[in-house]
Every structure is written in C-alpha cells, then in structure tokens.
Amino acid sequence: MVIDHLKQSQALLEGHFLLSSGRHSNRYCQCAKLLQYPDRAAAVLSVVVEKLKDTQVDIVVGPAMGGIIVAYELGRQLGVPAIFTEREEGKMCLRRGFEVHQGQRVLITEDVVTTGKSSLETIEALKEFGVEIVGIACIANRSTGNISYPIFEAIKLDIESWEAEDCPLCKQGIPYVKPGSRAIK
C-alpha cells in the first residue's frame, strides 16, 4: 500500500542524484510529492501510527523542512501537539515560541531518514530540556542501521548510494541533480 502511494504520487524518482549527505544515488524518494496529497499522507502515516500503538508520545517534533508536514500529520493522528525545529545560523533550534518540557516523551519525525543528520541535530537541540526521545518516525527509512534510536517507518527502502569518487554515474558522465533542501558542505 505504501509503495503504491509513493509510485502514484511520483515520489520515487530515477536518475542521478546528489544527496544531502554528499553521497550520490540512482534513485531518490521525494516525499514532498506524496505529502501534497493529504489523503495519501494520512494513509501512509497511519502505518507509522499503528507501529507506535504501544509507545507513549507527548509531543512530535520535526526538523524543517522534511519533518514539518510529517510531524503535523502524526500529531493529528496521535492527538498530540506537533512542532518543528529549524536552523538558525546553521544550528538546529526551537523558535517561534515552541517549547518542550522536562520529562516529555518526544517523537522526532522526518520524511526520509538516510543518515539521520537532521533528526540527530534536532535531538541534540532538545537534550538541554531534559526530554526523552522515544524514536524517529518517517515515511521512508533508507538508513543502514547506523542510528541508535528506534525508527518507526511506513516503508523501508533499500536504495544504493556511493561516495562521489566511487559513483558509476559520474564515471559515465551523467550529470546529477540535487533535489534536497539542505546545503551540501
């Protein structure tokens, strides 16, 4: 069901992509294409809600950009507040009067988790408040087991990626596109 929604919304792309991590890939999951359809987003994220049924969540926090709509929809379905973090001078933080409180059980949200960079930056920003991170929720999990928090995904995607110097597409002279929102360093 999840893969059907991704395909029908044209969220699964093929080509040559520069990922936010700096790695290259021949496939990309552009969840924004799925999230433009609220009914599809609700259906896909209901899979995550089902996986969370035995997990107490007090508040949902999504890093901007990819986690905002996911946080909103999961918060709606779970019946809890949904807020987001954003970068200020390059550092992830709470702004706009958003707050978390000591002891709250926080679910971090993302559209796609690959390296977990944005999620881990959000977790780091929330640590000072004494919250408990219960896990990371996402539409598509592309991680390779390198994240130490539980991941609650709608779908696990195995998409190959390479360091730039090892990329077979670069070696063939195929130009890449950078579809993500984060600047590459």
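The rules behind the values
- In this numbering scheme, every chain counts its residues from 1 along its sequence in written order.
- With pLDDT at 70 or above as the cut-off, local features in this predicted model cover only qualifying residues; side-chain atom pairs require 80 or more to be listed or tallied, and sums for whole chains, interfaces and linings still use all residues.
- For side-chain calculations, the full set of non-hydrogen atoms in the structure is used, while hydrogens and water are omitted.
- Two strands form a pair only when DSSP identifies at least two bridges running between them.
- A helix here means a DSSP run of H or I that spans at least four residues, while a strand means a run of E at least two residues long, and both kinds are numbered starting from the N terminus.
- We define a salt bridge as a side-chain nitrogen of Lys or Arg found within 4 Å of a carboxyl oxygen belonging to Asp or Glu.
- Note on geometry: axes are lines fitted to C-alpha atoms, helical ones only across the stretch in contact, with angles between N-to-C directions running from 0 to 180 degrees.
- Residue contacts are defined here by distance: any two heavy atoms, one from each residue, within 4.5 Å place the two residues in contact.
- Buried Ala, Val, Leu, Ile, Met, Phe, Trp, Tyr and Cys residues that are joined via side-chain atoms within 4.5 Å together make up what is termed a nonpolar core.
- Exposure classes here rest on a 1.4 Å probe applied to the protein chains alone. A residue is buried below 20% of its type maximum, exposed above 50%, and partly exposed in between.

Concerning the sheet that holds strand β2 (residues 24-29)
Strand pairing in a sheet is mediated by backbone hydrogen bonds. Such pairs are either parallel or antiparallel.
Point 1. Read across the open sheet, the 3 strands follow the order β1-β2-β9; overall the sheet is antiparallel. The sheet is open, and its two edges are formed by β1 (12-18) and β9 (161-162), each paired on a single side.
Point 2. For β2 and β9, the ladder comprises 2 bridges, and the chain directions are antiparallel. In the strand pairing of β9, S25 is matched with S161.

Here's the deal with the pattern of salt bridges
Point 1. Applying the stated criterion across every chain, the model contains 10 salt bridges.
Point 2. Salt-bridge contacts for E163 lead to R23; the nearest nitrogen and oxygen are separated by 2.8 Å. Pair noted here: E163 is in the loop between β9 and α6 (168-171) and R23 is in the loop between β1 and β2, with a separation of 140 residues, a long-range link.

A look at the sheet that holds strand β3 (residues 59-63)
Point 1. Taken in spatial order, the 6 strands make up an open sheet running β5-β4-β3-β6-β7-β8, and their pairing is mixed. Single-partner strands in this sheet number two, and they are β5 (91-94) and β8 (151-156). Adjacent strand axes in the sheet meet at a mean angle of 25° when their direction is disregarded.
Point 2. Here strand β6 (residues 105-113) pairs with strand β7 (residues 132-141) via 8 bridges, running parallel. Residue pairing for β7: E110 is matched across the bridge by C138.
Point 3. Contacts from helix α3 (residues 38-51) reach β7 and β8 within the one sheet, and its direction differs from that of β8 by about 140°.

Focus on the environment of V44
Point 1. In this fold, V44 is placed in helix α3.
Point 2. C-alpha separation for the pair V44 and I3, spaced 41 residues apart in sequence, amounts to 9.1 Å.
Point 3. Ignoring anything within four residues of it in the chain, the contact list for V44 reads V2, H5, L34, I139 and A154.

Points about unusual backbone geometry
Point 1. With an omega dihedral of 5°, the bond running from A64 to M65 counts as a cis peptide bond.
Point 2. In this structure, M65 sits in the loop between β3 and α4 (68-78).
Point 3. Of note in the backbone geometry, Q10 takes a positive phi value of approximately 60° without being a glycine.
Point 4. Along the chain, Q10 turns up in the loop between α1 (2-8) and β1.

A few points about the pairing of β2
Point 1. In the sheet, β1 pairs with β2 via 5 bridges, with the strands oriented antiparallel. When the sheet's bridge partners are listed, F17 is paired in β2 with S25.
Point 2. Taking the residues between adjacent antiparallel strands as the criterion, β1 and β2 are bridged by 5 residues, where G22 takes a positive phi near 95°.

Quick look at the nonpolar core
Point 1. If you look at the biggest cluster of nonpolar residues, it comprises 30 residues, and the most contacted ones within it are L6, C29, V48, L74, L107 and I139.
Point 2. Among the secondary structure elements, those contributing two or more residues to this core are α1, α2 (31-35), α3, α4, β6, β7 and β8.
Point 3. Among the elements that take part in this core, α3 stands out by supplying 5 residues, more than any other.
Point 4. Every residue in contact with C29, bar those within four places of it in the chain, is listed here: L6, A11, L12, V112, A140 and L157.

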